[in-house]
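# Structural characterization, general
This is what each chain is made of:
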Amino acid sequence: MIESLKFDGISFKYPNGTEVLSKTSFTIPMNNWVFIRGDLGQGKSTILKLLLGLMEPSEGKVIFNGFDIHELGFEEFSKFLARIGHVLDDEGLLSNQSLFENLSLPLIYHENKPHDERERWIDELIEKFKLMSFKTARPAFATTETKKIFSILRALVLKPELIIMHNPFKDLGEMNQKRVLSLLEEFQDKYGLRHIIIAADEIGILRDKKMKYLEINKGQVHEL
């Protein structure tokens, strides 16, 4: 289980010399919806990528359950990642696979479920957005909105304990924004989703949601 996530003295500098985080230490509130806010270019997406191990800090540690994630072995880190769903700005769908196959791959890799069982679960998710007609399509033949929805479904398909999302409602119409919000709440109620971390340029549909807030300002992160 994911019990704690901390940044300890984290600095991050891009190759061009731009420093977005400067020796900042903070704890991610657990068992909550967490909204990370800050001006454009302040480091919102950087924090998410550091949490996922997609980037290494210039200095400091990202600590998961008391362990530096960059010191975990491959097997331990794979178990950690299997508990996490993520949606970043680049949807990351494989262009040579159908949208259904993109959702299937995490189930095959982490759980090796039988095909029929996988298909029933994936169809149930797709049907919530009335997108069965896109099931066999490749990403290139889907709209931006449809690709965004399938990226969100892929992040949820393993019933994660933690989901990390960057601008999850961007490019979605009002109806699909509501469907995504409802789906996240359903996964909290039924499927063990405990921690939801969202970084976005605008709060939008989440304005009335009870959440914890982290704010980035001049390289430092503070809970509000």
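Details of the structure are given in the entry above.
A short tour of the structure in this document, coming up.

### Remarks on unusual backbone geometry
Positive phi is not limited to glycine here, since Lys 23 has a value of about 45°. Along the chain, the position of Lys 23 falls in strand E2 (residues 19-27). By relative accessible area, which is 55% here, Lys 23 ends up exposed. Non-glycine residue Lys 159 carries a positive phi angle of around 55°. Here Lys 159 lies in the loop between helix H5 (144-156) and strand E7 (162-166).

### A few points about the layout of surface pockets
Which parts of space are left empty comes out when a probe the size of a water molecule is rolled across the atoms. Roughly 500 Å³ of internal volume is contained in the largest pocket. Lining the largest pocket are 22 residues, and of these Leu 81, Ile 84, His 86, Pro 106 and His 110 sit closest to its centre. At the level of elements, helix H2 (74-82), strand E6 (84-87), helix H3 (99-110) and H5 are the ones that each hand at least two residues to the lining of the largest pocket. Here the second largest pocket defines a volume of roughly 210 Å³.

### Observations regarding the pattern of salt bridges
The full count for this structure, using the stated rule, is 14 salt bridges. Between Glu 117 and Lys 113 there is a salt bridge, and its shortest N-O distance comes to 3.3 Å. Residues Glu 186 and Lys 190 are paired through a salt bridge, measuring 3.8 Å at the closest nitrogen-oxygen approach. Of the two residues, Glu 186 and Lys 190 are both situated in helix H6 (residues 174-190); the distance of four residues between them amounts to about one turn of the helix. One salt-bridge network, in which partners are shared between bridges, spans Glu 3, Glu 161 and Arg 194.

### Considering the packing of H3 against helix H4 (residues 115-127)
Two measures define how a pair of helices packs: the angle their axes make with one another and the distance between the axes. Between H3 and H4, the shortest axis-to-axis distance is 10 Å and the interhelical angle comes to 130°. In this view, H3 runs oblique relative to H4, as classed from their interaxial angle. Here H3 and H4 pass one another in a crossing that is right-handed. Residue-level contacts link Phe 100, Leu 103, Ser 104, Leu 107 and Ile 108 of H3 to His 115, Arg 118, Glu 119, Trp 121, Ile 122 and Ile 126 of H4.

### Examining H3
For H3, every residue scored as buried is listed here: Leu 99, Phe 100, Asn 102, Leu 103, Ser 104, Pro 106 and Leu 107. Packing partners of the buried residues in H3 comprise H4 and H5. With its phi angle positive at about 50°, Asn 112 sits one or two positions after the end of H3.

### Quick word on the sheet that holds strand E8 (residues 195-199)
Read across the open sheet, the six strands follow the order E6-E7-E8-E3-E9-E10; overall the sheet is mixed. Each having just a single partner strand, E6 and strand E10 (220-223) make up the two edges of the open sheet. Between one strand and the next, the sheet's axes are offset by a mean angle of 15°, whatever the strand orientation. In the sheet, strand E3 (residues 33-37) pairs with E8 via four bridges, with the strands oriented parallel.

The rules behind the values
- Residues numbered from 1 in each chain as written.
- Predicted model: local features only at pLDDT ≥ 70, side-chain atom pairs only at ≥ 80, totals over all residues.
- Heavy atoms only, no water.
- Helix = DSSP H or I, 4+ residues; strand = E, 2+ residues; numbered from the N terminus.
- Buried < 20%, exposed > 50% of the residue type's maximum accessible area, 1.4 Å probe, protein only.
- 1 Å grid on protein atoms, 1.4 Å probe; cavity = no way out; pocket = protein on both sides within 12 Å on 5 of 7 lines; lining within 4 Å.
- Points joined across faces, edges and corners; volume = space filled by probe spheres on them.
- Salt bridge = Lys/Arg side-chain N within 4 Å of Asp/Glu carboxyl O.
- Axes fitted to C-alpha atoms, helices over the stretch in contact; angles between N-to-C directions.
- Parallel < 35°, antiparallel > 145°, perpendicular 65-115°, else oblique.
- Left-handed = near helix turned anticlockwise from the far one by under 90°.
- Contact = heavy atoms within 4.5 Å.
- Pairing = 2+ DSSP bridges.

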